[in-house]
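Listed below are the residues making up each chain.
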Amino acid sequence: MSNYLGNYSLYIALIASVYLIFKSYLDANSENKYLDKNFILITSIQTIMITVSFFSLVAAFVISDFSNETVFNNSHTLKPLFYKVSGTWGNHEGSLLLWLLVLSIFLFIFLLNSRSQDTKYKLLTILFQQIIISGFLVFILLTSNPFKMLYPIPSEGLGLNPILQDPALAIHPPILYLGYVGTSIIFSASLASMISGNIGDKWARHIKKWVLVSWVFLTIGILLGSIWAYYELGWGGFWFWDPVENASLVPWLLLIAGLHTLLIARYTGRQIGLTYLLLSLGFILVAYSTYLTRSGVLTDTSVHSFVNAGLDQQLIVFLFLITLPSLGLVIYGWIKSTKVAGEEDLLSREFWLFVGSILFSLSAAVIAITTSFPVINKILDTDYSIANPEEWYNNSHIMLAILMALLAAFSQFMVYKVGRPIKQTRIALLGI
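Residues numbered from 1 in each chain as written. Predicted model: local features only at pLDDT ≥ 70, side-chain atom pairs only at ≥ 80, totals over all residues. Heavy atoms only, no water.

Some points on the overall build of the protein chain
Inference 1: Helix and strand counts for the protein chain come out as 15 helices and 0 strands.
Inference 2: Buried positions account for 54% of the 432 residues belonging to the protein chain.
Inference 3: Contacts spanning at least 24 positions in sequence make up 80% of the contacts within the protein chain whose residues lie at least 6 apart.
Inference 4: On the protein chain, roughly 19,600 Å² of surface is accessible, and the fraction owed to carbon and sulfur atoms is 68%. (Helix = DSSP H or I, 4+ residues; strand = E, 2+ residues; numbered from the N terminus. Buried < 20%, exposed > 50% of the residue type's maximum accessible area, 1.4 Å probe, protein only. Contact = heavy atoms within 4.5 Å. Areas by Shrake-Rupley, 256 points an atom, 1.4 Å probe, with all protein chains shown as cover.)

A closer look at helix 13 (residues 373-380)
Inference 1: Those residues of helix 13 that fall on the buried side of the exposure criterion are Phe373, Pro374, Val375 and Asn377.
Inference 2: Note on helix 13: the residue one or two positions beyond its end, aspartate 381, has a positive phi of about 55 degrees.

Observations regarding the pattern of salt bridges
Any two side chains of opposite charge can pair, on the condition that their charged atoms come close.
Inference 1: All told, the structure shown has 1 salt bridge when counted by the stated rule.
Inference 2: In this structure, the salt-bridge partner of aspartate 27 is lysine 23, at a minimum N-O distance of 3.6 Å. Taken as a pair, aspartate 27 and lysine 23 lie in helix 1 (residues 2-28) at a separation of 4 residues, close to a single helical turn. (Salt bridge = Lys/Arg side-chain N within 4 Å of Asp/Glu carboxyl O.)

Comments concerning the environment of leucine 274
Inference 1: Tracing the backbone shows leucine 274 in helix 10 (residues 272-294).
Inference 2: Overall, the relative accessible area of 10% leaves leucine 274 in the buried class.
Inference 3: Leucine 274 sits 12 residues away from leucine 262 along the chain, and the two C-alpha atoms are 8.8 Å apart.

Structural notes on a nonpolar patch on the surface
Inference 1: On the surface, Tyr4, Tyr8, Tyr11, Tyr151 and Ile153 cluster together into a nonpolar patch covering about 610 Å² of accessible area.
Inference 2: Residue position: isoleucine 153 is located in the loop between helix 6 (119-143) and helix 7 (167-196).
Inference 3: The class for isoleucine 153 is exposed, based on a relative accessible area of 52%. (Patch = residues over 30% accessible without salt bridge, like charges linked within 9 Å, V, L, I, M, F, W, Y side chains within 5 Å.)

Let's talk about the nonpolar core
Inference 1: By size, the foremost hydrophobic cluster in this structure holds 76 residues, and its most contacted members are Leu10, Trp99, Leu100, Phe110, Tyr180, Ile186 and Ile207.
Inference 2: Among the elements that make up this core, the one with the highest residue count is helix 6 (13 residues).
Inference 3: Sequence-distant contacts of isoleucine 186, that is, excluding residues within four places in its chain, are made with Ile207, Trp210, Val211, Ser214, Leu255 and Leu279.
Inference 4: In this structure, Val250, Leu274, Ala364 and Tyr393 belong to the second largest nonpolar core, which totals 22 residues. (Core = buried A, V, L, I, M, F, W, Y, C linked by side-chain atoms within 4.5 Å.)

Describing the packing of aromatic side chains
Inference 1: Considering all chains together, one arrives at 15 aromatic pairs under this definition.
Inference 2: For the ring pair tyrosine 177 and tyrosine 180, a centre distance of 6.5 Å and an interplane angle of 5 degrees mean the geometry is stacked. With tyrosine 177 and tyrosine 180 both in helix 7, this residue pair falls 3 residues apart, about one helical turn.
Inference 3: Assessed through its relative accessible area of 6%, tyrosine 177 is described here as buried.
Inference 4: For tyrosine 180, a relative accessible area of 7% corresponds to the buried category.
Inference 5: Three or more aromatic residues joined by ring pairs make a cluster, and in this case those are Trp99, Phe136, Tyr177 and Tyr180. (Phe/Tyr/Trp six-rings, centres within 6.5 Å; stacked < 30°, edge-to-face > 60°.)

A closer look at the packing of helix 9 (residues 243-268) against helix 12 (residues 349-371)
Inference 1: Across the interface, helix 9 lies against helix 12 with an axial gap of 9 Å and an inter-helix angle of 160 degrees. What the angle tells us is that helix 9 and helix 12 run roughly antiparallel. Seen from above, helix 9 lies across helix 12 with left-handed handedness.
Inference 2: The residue inventory of the contact of helix 9 with helix 12, partitioned by class, reads 15 nonpolar, 9 polar and 1 charged. (Axes fitted to C-alpha atoms, helices over the stretch in contact; angles between N-to-C directions. Parallel < 35°, antiparallel > 145°, perpendicular 65-115°, else oblique. Left-handed = near helix turned anticlockwise from the far one by under 90°. Nonpolar A, V, L, I, M, F, W, Y, C, P; charged D, E, K, R; others polar.)

Focus on the packing of helix 12 against helix 14 (residues 389-410)
Inference 1: Contact geometry of helix 12 with helix 14 gives a least axis separation of 10 Å together with a crossing angle of 165 degrees. Here helix 14 runs roughly antiparallel to helix 12, going by the angle between their axes. In this structure, helix 12 meets helix 14 at a crossing whose hand is left-handed. Facing Trp352, Val355, Gly356, Leu359, Phe360, Leu362, Ser363, Val366, Ile367, Thr370 and Thr371 of helix 12, the residues of helix 14 in contact are Trp392, Tyr393, Ser396, His397, Leu400, Leu403, Met404, Leu407 and Phe410.
Inference 2: Within the contact of helix 12 with helix 14, the residues separate by chemical class into 14 nonpolar, 6 polar and no charged.

A short note on the side chain of aspartate 27
Inference 1: Using a relative accessible area of 9% as the deciding quantity, one classes aspartate 27 as buried.
Inference 2: Dropping the residues within four chain positions of it, aspartate 27 is found in contact with Asn32, Asp36, Phe39 and Leu123.

Quick look at the environment of leucine 107
Inference 1: Looking at where leucine 107 falls in the secondary structure, it is placed in helix 5 (residues 92-112).
Inference 2: Remark: the alpha-carbon pair of leucine 107 and threonine 125, spanning 18 residues in sequence, is separated by 8.7 Å.
Inference 3: The contact partners of leucine 107, leaving out residues within four places of it in the chain, are Thr43, Ile126, Gln129, Gln130, Ile133 and Ile185.

Digging into unusual backbone geometry
Inference 1: Here the amide bond leading from tyrosine 151 into proline 152 is cis, since omega sits at -5 degrees, within 30 degrees of zero.
Inference 2: Notably, serine 64 is not glycine yet its phi reads approximately 55 degrees, a positive angle.
Inference 3: If you trace the backbone, serine 64 turns up in the loop between helix 2 (37-62) and helix 3 (69-74).
Inference 4: The buried category is assigned to serine 64, whose relative accessible area is 13%.

Regarding the confidence of the model for the protein chain
Inference 1: Residues of the protein chain with pLDDT of at least 70 account for 81%, and the chain-wide mean is 80.
Inference 2: The lowest-confidence element of the protein chain is helix 15 (residues 422-430), averaging 46 in pLDDT; the highest-confidence one is helix 2, averaging 93.
Inference 3: Contacts from residues 419-432, a stretch scored under 50 in pLDDT, to residues over four places away or in other chains number 17 contacts. (pLDDT = per-residue confidence, 0-100.)

Digging into the side chain of asparagine 68
Inference 1: Note that asparagine 68 resides in the loop between helix 2 and helix 3.
Inference 2: In this structure the side chain of asparagine 68 is engaged in a polar contact, spanning 3.0 Å, whose partner is the backbone oxygen of proline 146.
Inference 3: Asparagine 68 has contacts with Asn3, Leu57, Ala60, Pro146, Phe147 and Lys148, leaving out every residue within four places of it along the chain. (Polar contact = N/O pair within 3.5 Å; in protein donor to acceptor, adjacent residues only side chain to side chain.)

Shown next as structure tokens:
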């Protein structure tokens, strides 16, 4: 029963998504000054349907319904209840359904907390977020349906990987996904702001909350993963630069860089284009990280990639359709926004915030490119690799870390828009 309920709920959610895409597009191009109440209603229905679908899968795990192929592959009757529940997202199909659930909840919360924002901006945010949601719905239903049935019904399941049966890891994915998926609403809102022209202090304060929420959950998720890795495998710190963990670290760094430029945009009105680019890249790198961890391309370089044979090409097409057109639009907006007049004073806080954002972006670029060597080798049919990745990462980041620490201290003595005279800066720094 739960299999049918969960499956049909996804189809209803997809119908709602298609309706919201067309409705938001048409209303965004009209003269409507107020958001139609149907948006809240249909979004609520969609969120409820996806929630029903997710908890239908949870119920199937709890009662050990082995007529469900996902349950059969990832659970067994003797597994403790806590790990039966966590087994829901401890696999490819269930984790994608969790992704979808968080996507819909974030959009619903966004609608409730953006009543004072410009109507066209809200409509375009709905449009872009629903394109992502519909993409995930179609991908799940066609390639990764968690409600596939098995006949005849097995009497016992295969169970969950023993190293995944840990409290820290059980709560690690949901928290990490809150940070991961949080980048999607930032991405949608950034595109909407760029197109609608909804720029200024009001928008900056609004989007800053979402950036901070996403960054905080990413931080906690990464910390939990590191703690689990430490006592499960005896590895210290950040998994010694494991590629899968790098996949979450890169968006984390880009969100920090985006927060820096967002502050500049809020207080000076400049670096809007760079803010759009960094915040959007956060989600685009999350999408790319999803490919890295699920396509099997990191099988030989990571101890905990989610190998799912056969989905390589589908993932590429799916993520390509979602991110590449948007990336082109963001880059165009960035180039266009660089024409805004004004230069930062060398002794102003915004100048050093800008420098800080460049350093964090450089760190993200180094990690992303190095982690992507397996992908590059696959595309170019080469076999290039770094002999000692840990040493390379550490050495390449020593100077970056020192510069970041110095900037964090130095910039506190600067003010926005106009730099303090050298004498005042010296007094602030040295007390003389």
